[in-house]
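Chain and residue survey
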Amino acid sequence: MEFLPFKEFTEEAGNLIRRALEELKIDAEPILETPPSGIADLALPTYPLIPIARQMKIEDITGLLYKKINELLNKLGRGWIKEVERKGVYLNFQIDQAKLTKKTLEEVLSSGETYGNLSPKKETILLEHTSANPSGPLHIGRARNPIIGDTLVRILRAAGYEVNAQFYVDDVGKQVAILTWATRNLSEESLPPCSRDKPGYRLVRYYQKASQLMLGQERVAEGINELVRSFENVEEKSLAEAKRSYQPVLDGVLESLEKINVGFNSFAHESAMIKSGLTQEVIGKLKQSSFAGHEDSAWYLELKEFGIKGKDTKFYFTRRDGTSLYTTRDIAYHLWKAGQADHLINVLGEDHKLEARQVEIALDLLKVKRKPKTVFYAFVSLAEGRMSTRKGRVVYLDDLIDEAVALAYQEVKKRRGEDLSETQLREIAELVGIGAIRYNIVKVQPEKAIRFKWEEALNFDGDSAPFIQYAHARCRSILKKAGNSVRIGNPNYTLLSHPMETALVKKIARFPELVKTMAENNRPNLMAGYAFELATLLNQFYRDCRVVSSGKFEAPRLELVKAVAQTLKNSLALLGISAPDYM
RNA sequence: GGGCCUGUGGCCUAGUUUGGAUAUGGCGGCAGCCUCCUAAGCUGCAAAUCGGGGGUUCAAAUCCCCCCAGGCCCGCCA
């Protein structure tokens, strides 16, 4: 049983209105909306009825409907609807607050950390995210991908799906070939000093140097192409050599991601799409297509018919030498993925939009029904311009993590240096710093481009993770303080009638619906907004309502605080952020 | 040249899918609040031609058309 009180309330109101309209012989479908805060829980504007009941004045229609609805309400009984009020040309519906409070608090407190989870769907999702080229450490432009991806994974799991988070390792592409060539041919002495003692930072210098050489020297470019061809021919020796080059880089990337609570369930290797013969199968089938053509022995699909526009509408799926291209292998990968799960989701940079469309068209031509839904995100740029590993114009995720944790340490030491141990200070700094990074990235809609600014990335005030973590800590602090106070078996929830208390209950009650919305629309940024609003309400409640030693209010308020803490914690969990008990 | 995305106070941002009641918050600024559950908090003030112009509608930030600006793309790269 899913707990979706506002959904049930809205359905009840909808049915009631439909019945009233029917009995009044007005042929219209009600459109319900959520009114501005405080006015009501649900509203029906009666404007749309004007053209239908032309002979009547708007006031009369509203009045008539108002009377009819109340009549029906008395006749049929009430579920979630407490009352209906008439305000101007609106009919406002109020939810039964006493019932909502009791049901919500019971639900949260009995469900605990599963509050907000929807019933299991028995459907699986393969969600691919990050899939960064293992040619250097992760920079913050790319870091948007794992944070959006991992948050989505957590949300979809809460929504009842079995989710496989997969990293697609591009181990046969040009980037890896460059790196492999570099480790084979360049010497340590020819490179600039290493900025961090990690394999990825040591190796990226090789990659950067070889990238430069490749542009000027034919010999280097040929050596790299030679490697690409050997990958394509599945020459085990060079594939093994490539793996020795990129694996330490990839391990470093995964290590950095682990620090920000991002993990994967599986890895798929691009080389496997060649080894299995699937890539050749794709090439063979695409050649049969009526949209296929070739220029010498380089094959392409003409995509004009599919709405692709621009300078060149051809999509090449083989090179002149017959080797496959990244997109060709990606089609093979998706062909394979289609057999792995019920739903496919990808998180990709917006630069992949055309590529994703090409894959989709190819999958159509191959008669593959199960196609991916893609979440695209815009790039994070620097004031100096776009980030580029090759040019070394980047801010690395590791540096951002270090800065965030160091700053968080300063802050927590300033506030709690006196009464917390060094270990505790370090632990809190870690949680706060990491939380801030994830939150500040995920809170913005993925499709908006971000210009990276340190002060924004390290924001700890207002709309930030520490704000929410602090609200949680406040709750835990109250509960701790109340500690041994007498527990009454059945708290009197009807005492929770202060505006802040009802506002908190309503907010908490909407959490499962939010999970549903986020999962249906792949919108992880909504989680950040919700957590912030709930934390804000808690702070206002904290200001207005004394909990500990508040007499008869203490017991029910403690239950409310418990429920708020749980919901904040669960919200943060979906964001991949820890909820400390103190800070 | 074309396609996709974005444009909301000084800065950042919600709302746009499904048109409706004074356009949401944050940062920064100014003025206040700790004898009381942690002030990473709270309250108030100033600050917005919702990129611009047309149109549809009783009603437009939201829908349609045109234009402007920024991002991304139009490789036998990935």
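Being a predicted model, the structure only gives us computed values, none of them experimental. (Residues numbered from 1 in each chain as written. Chains lettered and ligands numbered in written order. Predicted model: local features only at pLDDT ≥ 70, side-chain atom pairs only at ≥ 80, totals over all residues. Heavy atoms only, no water.)

1. Topic: the side chain of Gln-469
- Following the sequence through the fold, Gln-469 ends up in helix H16 (residues 465-482).
- Gln-469 gets classed as buried once you look at its relative accessible area, which sits at 0%. (Helix = DSSP H or I, 4+ residues; strand = E, 2+ residues; numbered from the N terminus. Buried < 20%, exposed > 50% of the residue type's maximum accessible area, 1.4 Å probe, protein only.)

2. Re unusual backbone geometry
- For Lys-25, which is not glycine, the phi torsion reads 60° and is therefore positive.
- Here Lys-25 lies in the loop between helix H1 (5-23) and strand S1 (42-45).

3. A short note on the protein's contact with RNA strand B
- Around RNA strand B, the structure places 66 residues, and the nearest of them are Tyr-90, Asp-170, Arg-415, Tyr-470 and Ser-477.
- For RNA strand B, the fraction of atoms within 4 Å of the protein that belong to sugar or phosphate moieties is 65%.
- Between RNA strand B and Arg-319 there is a distance of 2.6 Å, counted from a phosphate oxygen to a side-chain nitrogen or oxygen.
- At eight residues, the largest contribution of residues to the surface near RNA strand B is made by H16.
- The residue makeup of the surface near RNA strand B, split by class, is 29 nonpolar, nine polar and 28 charged. (Near = heavy atom within 4 Å. Polar contact = N/O pair within 3.5 Å; in protein donor to acceptor, adjacent residues only side chain to side chain. Nonpolar A, V, L, I, M, F, W, Y, C, P; charged D, E, K, R; others polar.)

4. Things to note about helix H11 (residues 326-337)
- Taking 1.5 Å per residue as the helical rise, H11 with its 12 residues ought to reach 16 Å, and the 16 Å between its terminal C-alpha atoms agrees with that figure.
- Every buried residue of H11 is listed here: Thr-327, Thr-328, Arg-329, Asp-330, Ile-331, Ala-332, Tyr-333, His-334 and Lys-337. (Expected span 1.5 Å × (residues − 1).)

5. Here's the deal with the nonpolar core
- Core analysis: the biggest nonpolar cluster contains 162 residues, and Ile-69, Phe-93, Leu-127, Trp-181, Phe-541, Leu-560 and Val-564 have the highest contact counts within it.
- Sorting elements by how many residues they give to this core places helix H14 (residues 422-442) first, with 10 residues.
- Of all hydrophobic cores here, the second largest spans 23 residues; its members include Tyr-168, Ala-332, Ile-361 and Leu-363. (Core = buried A, V, L, I, M, F, W, Y, C linked by side-chain atoms within 4.5 Å.)

6. Some points on the sheet that holds strand S14 (residues 450-451)
- The strand order across the open sheet formed by three strands is S13-S12-S14, and the pairing between neighbours is mixed. Strand pairing shows two members of the sheet lacking a second neighbour, strand S13 (385-386) and S14, which therefore form its edges.
- As judged from the two bridges shared by strand S12 (residues 380-382) and S13, these two strands associate in the antiparallel manner. Bridge assignment links Ser-381 to a residue of S13, and that residue is Arg-386. (Pairing = 2+ DSSP bridges.)

7. Overview of the domain arrangement of chain A
- In terms of domain boundaries, chain A breaks down into domain 1 (5-95), domain 2 (129-268 + 307-386) and domain 3 (397-574).
- Between the C-alpha centres of domain 1 and domain 2 the distance comes to 54 Å. (Domains from an automatic or database assignment.)

8. Concerning the pattern of salt bridges
- With the rule as written, the count across this model stands at 37 salt bridges.
- When the shortest N-O distance is used, the salt bridge between Arg-196 and Asp-402 registers 2.7 Å. Of the two residues, Arg-196 is situated in the loop between helix H5 (174-185) and helix H6 (199-216) and Asp-402 in helix H13 (residues 397-416); the sequence distance between them amounts to 206 residues.
- Here the salt bridges share partners, and the residues they tie into one network are Arg-19, Glu-23, Lys-68 and Glu-71. (Salt bridge = Lys/Arg side-chain N within 4 Å of Asp/Glu carboxyl O.)

9. Quick look at the pairing of strand S10 (residues 343-349)
- For S10, a buried count of six out of seven residues is recorded, marking the element as mostly surrounded by other parts of the structure.
- As judged from the four bridges shared by strand S4 (residues 124-128) and S10, these two strands associate in the parallel manner. Each bridged residue has a counterpart across the sheet, and for Leu-127 the counterpart in S10 is Ile-345.
- In this sheet, strand S11 (residues 373-377) lies alongside S10 in parallel orientation, the contact comprising five bridges. Paired with Ile-345 across the strands is Lys-373, a residue of S11.
- Note on the crossover from S10 through helix H12 (residues 353-365) to S11: the handedness is right-handed. (Right-handed = clockwise from strand over helix to strand, strands pointing away.)

10. What about the sheet that holds strand S9 (residues 314-316)?
- Ordered by their spatial adjacency, three strands build an open sheet running S7-S8-S9, and the pairing between neighbours is antiparallel. The sheet is open, and its two edges are formed by strand S7 (292-295) and S9, each paired on a single side. With direction set aside, neighbouring strand axes in the sheet form an average angle of 40°.
- As judged from the three bridges shared by strand S8 (residues 298-302) and S9, these two strands associate in the antiparallel manner. When the sheet's bridge partners are listed, Glu-302 is paired in S9 with Lys-314. (Axes fitted to C-alpha atoms, helices over the stretch in contact; angles between N-to-C directions.)

11. Examining the packing of helix H19 (residues 525-544) against helix H20 (residues 554-574)
- Close contact between H19 and H20 brings their axes to 10 Å; oriented N to C, the two are set at 155°. Between H19 and H20, the angle is such that the two are roughly antiparallel. H19 and H20 meet at a crossing whose hand is left-handed. Seen from H19, the contacting residues are Met-527, Tyr-530, Ala-531, Leu-534, Ala-535, Leu-538 and Phe-541; seen from H20, they are Arg-557, Leu-560, Val-561, Val-564, Thr-567, Leu-568, Ser-571 and Leu-574.
- Across the contact of H19 with H20, the residue classes break down as 12 nonpolar, two polar and one charged. (Parallel < 35°, antiparallel > 145°, perpendicular 65-115°, else oblique. Left-handed = near helix turned anticlockwise from the far one by under 90°. Contact = heavy atoms within 4.5 Å.)

12. Description of the packing of aromatic side chains
- Enumeration over the complete set of coordinates arrives at 17 aromatic pairs.
- For the ring pair Phe-167 and Phe-264, a centre distance of 5.2 Å and an interplane angle of 80° mean the geometry is edge-to-face. Taken together, the residues span a long stretch of sequence, with Phe-167 in strand S5 (residues 162-169) and Phe-264 in the loop between helix H8 (236-259) and strand S6 (266-269) at a distance of 97 residues. Across the pair, exposure class does not vary: Phe-167 and Phe-264 are buried alike.
- Aromatic ring contacts, followed pair by pair, group Phe-3, Tyr-115, Phe-511 and Tyr-530 into a single cluster. (Phe/Tyr/Trp six-rings, centres within 6.5 Å; stacked < 30°, edge-to-face > 60°.)

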